[in-house]
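These are the residues of each chain, in order.
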Amino acid sequence: MDRRTYQRFNTRAGRAFDAVNAVVLIGIGLLALLPFLYVLAGSLATELEITTRPFFVWPNEITTASYASILSSRVFVRAFVTTVVVTGVGTVIQLALTALMAYPLSKVDLPGRRTMMSLIVFCMVFSAGMIPTFLIVKELGLLNSYWALILPMAINPFSLIIIKNFFQELPKELEESARIDGANEIRILRSIVAPLSKPVLATFALFYAVGLWNDYMSPLLYLGDQDKWTLQMILRQVTASATLTADDMNSDVPPPAQGIKFAVVIVATIPVLLAYPFLQKHFAKGMLIGSVKG
Amino acid sequence: MTSATADVGAVDDGPLLRPEPPPNRRNLLGNLVRYRWLFLLLAPGVLYFALFRFWPMYGAQIAFRNYIPFLGIEGSEWVGWEHFQSFFSNPDFPRILGNTLILAALGLFIAFPLTIVLAMLLNEVRLQVLKRTVQTLVYIPHFLSWTVVVSLTGLLFAVGNGPLWTTLNDLLGSDTNFLADPDWFRPLILLQSIWKSTGWGTIIFLAALASVDQEQYEAAIIDGAGRWQRVWHVTLPAIRSTIVVMLILQTGNILDTGFEQIYLMSNALNRSVADVFDTYVYFTGIRQGAYSYSTAVGLAKAIVGLILIFGTNALAKRLKQPGIF
């Protein structure tokens, strides 16, 4: 925009609007953050402060008693480790399955491609629902198995189509020359296409990871065995009902009943927040790549 | 979900990749040999879709049978529309439909316009640092699990010491337990949805707004258009097709209230307003083991959703708007 046009923007009313707009948006931004800051402060506060002070983002007296308490719970630590492993293994499997399928589908001369794409799109608008899927998982003997948290949602059709579109738009010259040199498709995918697609693959890896970490429905449906519960299930149990089972705590003093709720929420959230900067770097681009054509 | 809108259209074939056509496209064996590596790569994905997407669709026929696990799907007695009839004549049905539609309407008429407003406010910011900072903040809640969001709500509205419980009761001069009061269930659900999804929802609109030619604004300014006129005559038309696409998707998902949020927010006291299709399927199917009945409920819901999405899409086409198919 040239200077003269800019100045016509820059009227008194324009500046007033800009100021109001800025204040409103900063307020909205803070609203997104404040509940979390309160819980973070609460997780580091004493039991007394939580129950007497209405709202605060900085505790008067900082204590790690709540964290010490949940970390001394075997139930909690096991759930945390389980969730980390399921998320790690699950992300690799889900991304691999998605990318492996996206690559052949990006080849427009592949026989049967149109049919397969139509079926995949059909899966986006219609699904058999919770119970038939549950019964298949049961039939496959996956109940009470961690595979039930990973496999039924292994390929997200949206992600598949976006990755496919991205592969399709890569420059073809490198692939062609490798093909002339006698490389097979697996080799081309591994040494040419995958390296070129790193940002997109990283984005979807993080989406899958966040999905696995946050998943509550799958463990609710498929893990009847309490010993196998994931972090989200434990979080629900702690915040909705009472505490971690009292006899599980290896401590002489009673656990801070309020404090542990705050601390568990924070522990369940922190990994996602740590991944967020990486997610944010790519997601807008990653999410929009597929929609360029539309 | 946001990302999905336009992708669906990208199924079309692009230009042919390989210069020479396959020797004989109808020759199955020839194709298998020629494309063996690609088929090999495709196999795990095809197996996945067969097992976890299409096999359940085949299994959904138990909605028309009295499914007994011991007898298997095909072995169970065929009862036709019985389960559908018993659901539609059940007094639960109008209540669940009403609850679902009210929540959907709140999303459509309050949360959805707020997303557009927020996108337009962000679009008006000329200070890029401010814009990016606010975007960074408002996207965060999208990545938090429903368990975390519901737990946050629980802590904020905790009776006795929750900051929002205290403030709101002081304001209203009441002594309400918001988490248990059926009257507060819907406002809380709406509040959570707005907090979690509004920021993220702006992405698709901001992308559409970024592609607006700046010269259109300059021309409007030179013609003497004020800020509101520019918003009305340039910004809104620019995102009209995006709005239509999002509306189609929202309408198609009108019966999808999101299982996790509703399930986690419902309790013994607010079940009368909290029961929606997804949670009803869970309670009757998983908890009570009425597999056939709950499958029928889920199937009825999915088919209505399918009809809605194709219906609104056709309507959009008729109104000369770009649809999603």
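For clarity, every value in this text was computed on a predicted model and none was experimentally measured.

Quick look at the overall build of chain A now. Summing up its helical and strand segments, chain A has 15 helices and 0 strands in all. Sequence separation of at least 24 residues holds for 74% of the intrachain contacts in chain A that already meet a minimum separation of 6.

In this section: helix H7 (residues 128-139) of chain B. Think of an α-helix as 3.6 residues a turn; residues three or four steps apart then line up on the same face. All names here are of chain B. For H7, which comprises 12 residues, the first-to-last C-alpha distance of 16 Å matches the rise-based estimate of 16 Å (1.5 Å per residue) to within 8%. Of the positions making up H7, those classed as buried are Val134, Gln135, Val138 and Tyr139. One face of H7 carries all of its buried residues, which in axial projection span an arc of 125 degrees.

The next point concerns the packing of helix H6 (residues 92-124) of chain B against helix H12 (residues 227-252) of chain B. Packed helices, taken two at a time, are described by the angle between their axes plus the distance between the axes. Residue and element names in this part refer to chain B. Axis separation between H6 and H12 bottoms out at 12 Å; the angle between their running directions is 140 degrees. The orientation of H6 with respect to H12, classified from their angle, is oblique. The two elements H6 and H12 cross, and the hand of that crossing is right-handed. Across from Leu108, Phe112, Ile116, Met120 and Asn123 in H6, the residues of H12 making contact are Val231, Thr235, Ile243 and Gln250. Its residues assigned to classes, the contact of H6 with H12 shows 6 nonpolar, 3 polar and no charged.

In this complex, chain B contributes 85 residues to the contact, which on the side of chain A involves 88 residues. Tallying contributions element by element places helix H3 (residues 36-59) of chain B first for the side of chain B that touches chain A, with 14 residues. Taken together, the residues of the side of chain B that touches chain A break down into 53 nonpolar, 22 polar and 10 charged.

The next point concerns the domain arrangement of chain A. All names here are of chain A. The domain architecture assigned to chain A consists of domain 1 (3-52) and domain 2 (66-289). At the interface, 7 residues of domain 1 touch 8 residues of domain 2. No other element matches the 4 residues that helix H2 (residues 12-43) contributes to the side of domain 1 that touches domain 2. Across the side of domain 1 that touches domain 2, the residue classes break down as 3 nonpolar, 3 polar and 1 charged.

A word on the nonpolar core. Within the largest apolar cluster, 142 residues are counted, with the highest numbers of intra-cluster contacts made by A:Ala102, A:Ile163, A:Phe204, A:Ile234, A:Val264 and A:Val265. The greatest single-element share of this core, amounting to 11 residues, is contributed by helix H12 (residues 198-214) of chain A. When we break this core down by domain, the ones giving at least three residues each are domain 1 (3-52) and domain 2 (66-289) of chain A. Leave out the neighbours within four places in its chain, and A:Val265 touches A:Val39, A:Leu235, A:Thr239, B:Val148, B:Ser151 and B:Leu152.

Parameters and conventions
Residues numbered from 1 in each chain as written. Chains lettered and ligands numbered in written order. Predicted model: local features only at pLDDT ≥ 70, side-chain atom pairs only at ≥ 80, totals over all residues. Helix = DSSP H or I, 4+ residues; strand = E, 2+ residues; numbered from the N terminus. Contact = placed C-beta atoms within 7 Å. Expected span 1.5 Å × (residues − 1). Buried ≥ 20, exposed ≤ 12 C-beta atoms within 10 Å, placed from the backbone. Arc of directions from axis to C-beta. Axes fitted to C-alpha atoms, helices over the stretch in contact; angles between N-to-C directions. Parallel < 35°, antiparallel > 145°, perpendicular 65-115°, else oblique. Left-handed = near helix turned anticlockwise from the far one by under 90°. Nonpolar A, V, L, I, M, F, W, Y, C, P; charged D, E, K, R; others polar. Domains from an automatic or database assignment. Core = buried A, V, L, I, M, F, W, Y, C linked by C-beta atoms within 7 Å.

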